[in-house]
Amino acid sequence: MKKLFSFLAVALLALVLVACGGGSSENGESGNNGEGNGENESASGEAEHTIRAGIGLNKDHPQYKGLLKFKEIVEEETDGAIKVETYHSGQLGDDRSMTEALQLGNQEVTIPSTAPIANFVPEFSVFDIPFLFPNEDVADEVLQGDVAQGLLDKLEEEDLVGLAYWENGFRNLTNSERAVETIDDFDGLKIRTMENDLHLEAFKALGANPTPMAFTELFTAMQQGTVDGQENPYATIYLENFYEVQDYVSNTNHVYSPFVFLMSKQFYDGLNDEQKQIVSDAAKEAGQHQIELNREANAKYLEDLQEEGMEYTEITPENRQEMVDAVQPVIEDFKEQIGPETVDGIMQAVEDAQSE
Ligand code: TK8
């Protein structure tokens, strides 16, 4: 009898300990973004759904700050029913592999540039037309217009949901060989491009020797001299420390890259109508926040790049016009592949936005 009593007392004590928070966390599984900084701790309660959101840029980039804003809004608006785990620096893969993971339902959110998306929906290559947007105001106007919004709808055919356009920004050339001032200076430069045929052909037309490559491989490729240069907005060039392996930067402004906030269609279809509205509104609201931060960053970091020792070359309008003329045949060649309706529609939207 005594033994039975002792057993029951020990069992009761163990139950009391577990109920007081010993054992697994009551917040359920909490992912770790590799930073150990608890950013993936859920707000409260047991999550009905978990969003694994991964990007390629690092935690200092406005894109990640925008993702944290999305997390904040969604977890607050759903009172923790939807938990968002955030991953940066390619922890979950590169743009293409993370987009494929969304299609398979192995990840819920990623935010790639439009260029790699063209491998899934060719019409998205319309944003890779060099020198398409003259400034950010025109880009904003066009991306909020019917043609650009219509492209988001096409993503559903690829098991993806495009919830909002965010901003990567105007892309500028860097390299470790020489200052690039005129089109002749591109001659033979081994330039990494995004995995997008139009970018590849455009840099060939400029005289460069381009190589398509995932962003996750880029820093090492520049460090080892596999490529001489790359092109990205100033915020990325600075925040990813490219100045450590690149000596020259030019304001080519040759392409304006949008990001697209992508969600897995499998995941999105599993949400109730209220939750769908919440994640959609959150992607848009966080996108506005990200664009504001991104504009500040892209305006700021050119000076910082020069302070880090990079030599800056200003491209004159005459020299830029030579580059514009050189890529026109490429645009004609790709019009069929992108879709004439999409190309003409975006060109008209740009013209309309400029005339306002
Ligand atoms: C980051 C990329 C990057 C893009 C590139 O995942 O690949 O150069 O500009 O921002 O999407």
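Here is what the cut-offs are and how they apply
- Residues numbered from 1 in each chain as written.
- Predicted model: local features only at pLDDT ≥ 70, side-chain atom pairs only at ≥ 80, totals over all residues.
- Heavy atoms only, no water.
- Helix = DSSP H or I, 4+ residues; strand = E, 2+ residues; numbered from the N terminus.
- Expected span 1.5 Å × (residues − 1).
- Contact = heavy atoms within 4.5 Å.
- Pairing = 2+ DSSP bridges.
- Buried < 20%, exposed > 50% of the residue type's maximum accessible area, 1.4 Å probe, protein only.
- Axes fitted to C-alpha atoms, helices over the stretch in contact; angles between N-to-C directions.
- Near = heavy atom within 4 Å.
- Polar contact = N/O pair within 3.5 Å; in protein donor to acceptor, adjacent residues only side chain to side chain.
- Areas by Shrake-Rupley, 256 points an atom, 1.4 Å probe, with all protein chains shown as cover.
- Nonpolar A, V, L, I, M, F, W, Y, C, P; charged D, E, K, R; others polar.

1. Brief notes about helix H2 (residues 62-77)
(1) Moving on: Taking 1.5 Å of rise per residue, the 16 residues of H2 would be expected to cover 22 Å, and the 22 Å separating its terminal C-alpha atoms lies within 8% of that figure.
(2) Moving on: On its buried face, H2 sits against strand S1 (49-54), strand S2 (82-87), strand S4 (160-170), helix H9 (234-239), strand S10 (256-264) and helix H11 (273-307).
(3) Moving on: Following H2 by one or two positions, Asp79 has its phi on the positive side, about 50°.

2. Concerning the sheet that holds strand S3 (residues 109-110)
Hydrogen bonds between backbone groups are what pair the strands of a sheet, and the pairing can be parallel or antiparallel.
(1) Moving on: Read from one edge to the other, the open sheet built from five strands follows the order S2-S1-S3-S10-S4, with strand pairing classed as mixed. Every other strand in the sheet has two partners, leaving S2 and S4 as the edge strands with one partner each.
(2) Moving on: Taken together, the nine bridges between S4 and S10 define a ladder with antiparallel strand orientation. Bridge assignment links Leu160 to a residue of S10, and that residue is Ser264.

3. A word on unusual backbone geometry
(1) Moving on: Positive phi, normally seen in glycine, also occurs at Asp79, with a value near 50°.
(2) Moving on: As for its placement among the helices and strands, Asp79 is situated in the loop between H2 and S2.
(3) Moving on: Backbone geometry at Asn241 places phi at a positive 60°, although glycine is not the residue there.
(4) Moving on: Note on Asn241: relative accessible area 29%, which makes it partly exposed.

4. Some words on the sheet that holds strand S11 (residues 311-313)
(1) Moving on: Read across the open sheet, the four strands follow the order S8-S5-S9-S11; overall the sheet is mixed. The open sheet has two edge strands with one neighbour each: strand S8 (229-232) and S11. Ignoring which end each strand starts from, the neighbouring axes of this sheet average 20° apart.
(2) Moving on: Examined bridge by bridge, strand S9 (residues 248-250) and S11 share three bridges and lie parallel to one another. Note on S11: the bridge partner recorded for Val249 is Tyr312.

5. Side note on the pairing of S8
(1) Moving on: Here S8 shows no split at all, with Gly229 and Glu231 on one side and Gln230 and Asn232 on the other all buried.
(2) Moving on: Pairing of strand S5 (residues 172-175) with S8, which is carried by four bridges, proceeds in the antiparallel orientation. Residue Asn175 lies in a different strand from S8, and its bridge partner there is Gly229.

6. Some details on the site of the ligand
(1) Moving on: Around the ligand sit Gly56, Leu57, Asp95, Ser113, Asn168, Arg171, Arg192, Met194, Phe215, Asn232 and Phe259, and those are all the residues in its vicinity.
(2) Moving on: Contacts to the ligand include Asn168, whose side-chain N or O atom sits 2.9 Å from an oxygen atom.
(3) Moving on: Within the side chain of Asn232, a nitrogen or oxygen atom sits 2.7 Å from an oxygen atom of the ligand.
(4) Moving on: Burial of the ligand by the protein chains amounts to 98% of its free accessible area of 300 Å².
(5) Moving on: Here the shell around the ligand is composed, by residue class, of four nonpolar, four polar and three charged.

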